[in-house]
Each structure stands twice: as C-alpha cells, then as structure tokens.
Amino acid sequence: MRPVIPLVTAALLFGLGVYGVLRRRNAVLVLMSVELMLNAVNLILVTADTLRERLTGQVFTLFVIVLAAAEVGVGLALVLRLFRLRQDINTDQVPLDEAAEAPAEPAPALDGELR
C-alpha cells in the first residue's frame, strides 16, 4: 500500500479534530475531537514506522495511547465537576479568571446601630 493513503487520512482526521476543538462548545465533543487528533498522530507514527522498518513508531504509538487514556480520565473528571457546579457543560460559559470562580462572601450583619 502506498503511504499517501494513510497520511492523507491522518491529515483529514487531524483537521476534523482541530475543527471540533475550535468550533464545539460541548466539553465532551471537545474531548472527542482531541481523541481524533491523537489517533491521527498514531496513524502517522505507524505509517512512518512501516516505511522505515523500525519499531520506534509503534513504541511512540503506545505512549500516545497511554497519554490519551490519561487525558480521557482527567477530562471526564473535569466535565463531571463542571456539570455538578453549573448543570451545563457548555465551554463558553466557563469562567477563566480566579475572581469569577470564588463566590463573593456576604457582608457581616450589623447587630447594633451605626454611629
């Protein structure tokens, strides 16, 4: 098989993943798009491995698979935490600064009169 076919397929998968990361608002779909990009990298590594006839591409592919599994675990934990806090997993409404995350404490009640 010619190496052009898997390389073009990997490029299309990676482009689809980048589009999903940039355009999607749902956090689960963003995680799926990141997985698409990682799988495109795996396809490129395995294709390059078959061209060079060495095992380095397959070893790096295993590292990428382990990285993807860790990313899914951490990402889903973040998505669940976001859903519990906001009842929504829309990434456009996530506050990125620290002041917006901490709720403001109410002022203490005054027991007596002001002078």
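Because the structure is predicted, anything quoted here is derived from the model rather than measured. (Residues numbered from 1 in each chain as written. Predicted model: local features only at pLDDT ≥ 70, side-chain atom pairs only at ≥ 80, totals over all residues. Heavy atoms only, no water.)

Draft legend 1. View of the overall build of the protein chain. A count of helical and extended segments in the protein chain gives four helices and zero strands. Listing every helix and strand of the protein chain by position from the N terminus yields α-α-α-α. Burial statistics for the protein chain: of 115 residues in total, 22% are counted as buried. Of all intrachain contacts in the protein chain linking residues separated by at least 6 positions in sequence, the fraction that spans at least 24 positions is 51%. With an accessible surface of roughly 9,300 Å², the protein chain has 65% of that area assigned to carbon and sulfur atoms. (Helix = DSSP H or I, 4+ residues; strand = E, 2+ residues; numbered from the N terminus. Buried < 20%, exposed > 50% of the residue type's maximum accessible area, 1.4 Å probe, protein only. Contact = heavy atoms within 4.5 Å. Areas by Shrake-Rupley, 256 points an atom, 1.4 Å probe, with all protein chains shown as cover.)

Draft legend 2. Molecular detail of unusual backbone geometry. Of note, the phi angle at E53 is positive, near 60°, even though the residue is not glycine. Within the secondary structure layout, E53 lies in the loop between α2 (27-52) and α3 (56-86).

Draft legend 3. Seen up close, the packing of α2 against α3. Put simply, α2 and α3 touch, their axes get as near as 9 Å, and they point 175° apart. What the angle tells us is that α2 and α3 run roughly antiparallel. A per-class count over the contact of α2 with α3 returns 14 nonpolar, six polar and four charged. (Axes fitted to C-alpha atoms, helices over the stretch in contact; angles between N-to-C directions. Parallel < 35°, antiparallel > 145°, perpendicular 65-115°, else oblique. Nonpolar A, V, L, I, M, F, W, Y, C, P; charged D, E, K, R; others polar.)

Draft legend 4. The arrangement of α3 in detail. The first and last C-alpha atoms of α3 sit 44 Å apart over 31 residues, in line with the 45 Å expected at 1.5 Å per residue. If you check which residues of α3 are buried, you get G57, T61, V64, A68, E71, G75, V79 and L82. Those residues of α3 hidden inside the fold are in contact with α2. Remark: Q87 follows α3 within two positions and exhibits a positive phi of approximately 60°. (Expected span 1.5 Å × (residues − 1).)

Draft legend 5. Region of the structure containing the environment of R25. Among the structural elements, R25 can be located in the loop between α1 (4-23) and α2. Residue classification places R25 among the exposed positions, given a relative accessible area of 54%. Taking the C-alpha atoms as reference points, R25 and T91, 66 residues apart in sequence, are found 5.2 Å from one another. If we skip the residues at most four places from it in the chain, R25 touches I89, N90, T91 and D92.

Draft legend 6. Focus on a nonpolar patch on the surface. Together, F14, V18, V21, L22 and V41 make up a nonpolar patch on the protein surface, roughly 390 Å² of accessible area in all. Tallying contributions element by element places α1 first for the nonpolar patch, with four residues. F14 sits in the partly exposed class, given a relative accessible area of 37%. (Patch = residues over 30% accessible without salt bridge, like charges linked within 9 Å, V, L, I, M, F, W, Y side chains within 5 Å. Salt bridge = Lys/Arg side-chain N within 4 Å of Asp/Glu carboxyl O.)

Draft legend 7. Region of interest: the packing of α1 against α2. Two numbers describe how α1 lies on α2: the axes approach to 8 Å, and their chain directions differ by 160°. For the element pair α1 / α2, the angle class is roughly antiparallel. Here the hand of the crossing between α1 and α2 comes out left-handed. Contact with α1, carried on its side by P6, L7, T9, A10, L13, F14, L16, G17, V18, G20 and V21, involves V30, S33, V34, L36, M37, A40, V41, L43, I44 and T47 of α2 and no other residues of that element. Taken together, the residues of the contact of α1 with α2 break down into 16 nonpolar, five polar and no charged. (Left-handed = near helix turned anticlockwise from the far one by under 90°.)

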